[in-house]
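The primary structure of each chain is shown beneath.
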Amino acid sequence: MSVFPNLIAGEAAPVLEAMRNINPSDTRDIIGEYAIASCQDVETAIAAAAQAFPLWSRTNALQRFEILDRIGTEVGARSSEIGDMLAREEGKTLKEATAEVLRAGQLFKFFAAEAYRANSEGLPSVRDQIGLAVTREPIGVVGVITPWNFPIAIPAWKIAPALAYGNTVVFKPAELVPGSAWMLADIINRSGLPKGVFNLVMGHGSVVGDAIVSSPTVAGVSFTGSTRVGKAIGHALFERGARMQLEMGGKNPLIVLDDAPLELAVDCALQGAFFSTGQRCTASSRLIVTPGIHDAFVARLIERMKALAIGDARDPGTDIGPVVSEAQLAIDERYLEIGRMEGACLAHGGERLNRKTPGHYLNPALFTQTTNGMTINRDEIFGPIAAVIPARDYDEALAISNDTEAGLSSGIVTQSAKIIRHFRDHAEAGMIQVNLPTAGMDFHAPFTGRKQAGYGPAEKGSYARDFFTAVKVTHERFV
């Protein structure tokens, strides 16, 4: 069985302890063993990044462009190979996995071009004979801590801008999905970066993540994960004055109004709530539906759910793969029980499924007759579970949609231009989707949330520079 090491200062680090990477579609399939970093490994990686920073931060835009473009080209060229690994270890379908890898390649190419963007501007001073310049500089060593649900796209949209703006990186992927992250790290490691600019440390969050967050040498941390962990990281970073970029999930609504085209509304709900096995922070787990379309919408959605093929993620005929792990499957089942106990009607699904191979298969579940105060409509479940919430009209639907602690993505299906404009202006979320699923964002657009969905500068797009660079203002008098 292959053993994959941590990559520190451009070299494979000795492997003293390793964890098994298991295929959730077939738990007999051990993908490989991946190194578990110690605190000492993390300290070594941070020291290497700190040592490499002075040189890398002063490289010219052409050098950074060529390296990032080279990474993006190889990622794109190997999308089928890396996508197969992603589907095998995470459980999303091969189609979705390959698309994610292609997006990662596009992200590196976008930020390759960003390396050329001017990071300074001259402003006229209000004082005579005084020069005024505003410049941006890289912040230093950046810790990147990523989740298991998008194991190559999310690392790409953090690592690429960090490097483009002249920072050095210590990267910790999620324990459940080290395979595709390791493949990405290997490509980055061979791209021509000076040693120490990029470092991969795999392992447990309680060890590796904590060591990154607590290190006084790490200037900032970009984290995506749960609200609970994100808040703890935020407190720790604030205490030592470090920068933070925290994306902490959502409980996203999709409003379906009476005038919505039925098939479009069902398509948006089906894709947004259940594809990627519902394991997306942008998943539309709250379906808020008005009376005139409610019964037809529920009936048609259940028909479509019954037709879904649930199976091995790498089978071309599969629509929805397995839940990522046995632990996550147990969480999903606990929320299914909570929903029933609170009086929601389990209208479809919710049972474990047996397939040709032993895996974590769950039939996507739909609750009806729910209220927004139920636990299943408050907590981010992170599984293929959605709930229909009845609303009298648009005004009540909007109020329900905004009644959440995490305003990440919010969607609506309607033909009314007036309502669309009002929803765009009054939906309390960072990302708005009109007649589209709540999941799915352009790679060059910012990714951002409100309330407890996130904290710090937006991710992706040119907005990323607000986290990865520090502003310096210079006043000059020439004598």
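Here, every reference points to the structure presented above.
Everything numeric here is computed off the predicted structure, so don't read it as measured data.

1. Quick word on the overall build of the protein chain
A tally of helices and strands in the protein chain yields 14 helices and 23 strands. In terms of overall size, the protein chain behaves like a compact globule, its C-alpha atoms giving a radius of gyration of 23 Å where 479 residues would be expected to give roughly 23 Å. Expressed along its principal axes, the backbone C-alpha trace of the protein chain runs to roughly 75 × 65 × 40 Å. Sorting the 479 residues of the protein chain into buried and exposed places 57% on the buried side. Sequence separation of at least 24 residues holds for 73% of the intrachain contacts in the protein chain that already meet a minimum separation of 6.

2. Focus on the nonpolar core
Membership of the largest hydrophobic core comes to 70 residues, with the highest contact counts inside it found for Phe108, Ile159, Leu163, Ile188 and Phe198. Top contributing element to this core by residue count: helix H5 (residues 153-164), with 9 residues. The contacts of Ile159, once residues within four sequence positions are left out, are Phe108, Val144, Val169, Phe171, Ile188 and Phe198.

3. Quick word on the environment of Phe53
Here Phe53 shows up in helix H1 (residues 39-56). Phe53 sits 115 residues away from Thr168 along the chain, and the two C-alpha atoms are 5.8 Å apart. With near-sequence residues (within four places) excluded, Phe53 lies in contact with Pro138, Ile139, Gly140, Gly166, Asn167 and Thr168.

4. Comments concerning the packing of helix H3 (residues 79-90) against helix H4 (residues 94-114)
It is at 8 Å that the axes of H3 and H4 come closest, and there the two elements cross at 125 degrees. The orientation of H3 relative to H4 falls into the category oblique. In terms of crossing hand, the pair formed by H3 and H4 is right-handed. Taken together, the residues of H4 that come into contact with H3 (itself represented by Ser79, Ile82, Gly83, Asp84, Leu86 and Ala87) are Leu94, Ala97, Thr98, Glu100, Val101 and Leu102. Its residues assigned to classes, the contact of H3 with H4 comprises 7 nonpolar, 3 polar and 2 charged.

5. Observations regarding the sheet that holds strand E19 (residues 409-413)
Reading across the sheet, the 7 strands line up as E15-E16-E17-E14-E13-E19-E20 and stay open at both edges, with mixed pairing between neighbours. At either margin of the open sheet sits one strand with a lone partner, and together these are strand E15 (345-348) and strand E20 (431-434). Averaged over neighbouring strand pairs, the angle between their axes works out to 25 degrees when direction is ignored. The sheet strands contacting helix H11 (residues 326-341) are E15, strand E16 (365-368) and strand E17 (385-390), and the helix crosses E16 at an angle near 20 degrees.

6. Some words on the side chain of Lys172
Its location among the elements puts Lys172 in strand E9 (residues 168-172). In this structure, Lys172 is buried with no salt-bridge partner, the nearest side chain bearing the opposite charge being Glu175 at 4.8 Å. In contact with Lys172, not counting residues within four places along its chain, are Val144, Ile145, Thr146, Val201, Gly203, His204, Gly205, Val208, Gly209 and Ile212.

7. Examining empty space enclosed by the protein
A water-sized probe, rolled over the atoms, reveals where empty space remains. The final tally for this structure, using the stated rule, is 2 cavities of 30 Å³ or more. When its volume is computed, the largest cavity comes out at roughly 100 Å³. Of the residues that constitute the lining of the largest cavity, the class distribution is 6 nonpolar, 5 polar and 3 charged. In this structure, the second largest cavity encloses a volume near 40 Å³. Forming the walls of the second largest cavity are 13 residues, and the residues nearest its centre are Ser401, Thr404, Gly407, Glu428 and Ala429. Elements with a minimum of two residues in the lining of the second largest cavity: helix H12 (394-402), strand E18 (406-407) and E19.

8. Comments concerning the sheet that holds strand E5 (residues 30-35)
Strand order in the open sheet formed by 3 strands is E1-E5-E4, and the pairing between neighbours is mixed. What marks the edges here is a single partner per strand, and that holds for strand E1 (3-4) and strand E4 (18-22). Of the strands in this sheet, E4 and E5 are in contact with H3, which crosses E5 at around 90 degrees.

9. As for the layout of surface pockets
The volume enclosed by the largest pocket comes to roughly 1300 Å³. In terms of lining residues, the largest pocket is bounded by 46 residues, among which Gly225, Ser226, Thr227, Arg228 and Val229 are the most central. Taken together, the elements giving at least two residues each to the lining of the largest pocket come down to helix H7 (205-214), strand E11 (218-224), helix H8 (227-239) and H11. Broken down by class, the residue content of the lining of the largest pocket amounts to 20 nonpolar, 15 polar and 11 charged. Taken as a whole, the second largest pocket holds about 580 Å³ of empty space. Forming the boundary of the second largest pocket are 29 residues, of which Glu96, Arg103, Gln271, Ser276 and Arg280 lie nearest the centre. Every element with two or more residues in the lining of the second largest pocket is listed here: H4 and H5. Looking at the lining of the second largest pocket element by element, the count peaks at 6 residues for H4. Considered class by class, the residues forming the lining of the second largest pocket number 13 nonpolar, 6 polar and 10 charged.

What counts as what
Residues numbered from 1 in each chain as written. Predicted model: local features only at pLDDT ≥ 70, side-chain atom pairs only at ≥ 80, totals over all residues. Heavy atoms only, no water. Helix = DSSP H or I, 4+ residues; strand = E, 2+ residues; numbered from the N terminus. Rg over C-alpha atoms; globule rule 2.2 N^0.38 Å. Buried < 20%, exposed > 50% of the residue type's maximum accessible area, 1.4 Å probe, protein only. Contact = heavy atoms within 4.5 Å. Core = buried A, V, L, I, M, F, W, Y, C linked by side-chain atoms within 4.5 Å. Axes fitted to C-alpha atoms, helices over the stretch in contact; angles between N-to-C directions. Parallel < 35°, antiparallel > 145°, perpendicular 65-115°, else oblique. Left-handed = near helix turned anticlockwise from the far one by under 90°. Nonpolar A, V, L, I, M, F, W, Y, C, P; charged D, E, K, R; others polar. Pairing = 2+ DSSP bridges. Lys, Arg positive; Asp, Glu negative; His and termini not counted. Salt bridge = Lys/Arg side-chain N within 4 Å of Asp/Glu carboxyl O. 1 Å grid on protein atoms, 1.4 Å probe; cavity = no way out; pocket = protein on both sides within 12 Å on 5 of 7 lines; lining within 4 Å. Points joined across faces, edges and corners; volume = space filled by probe spheres on them.

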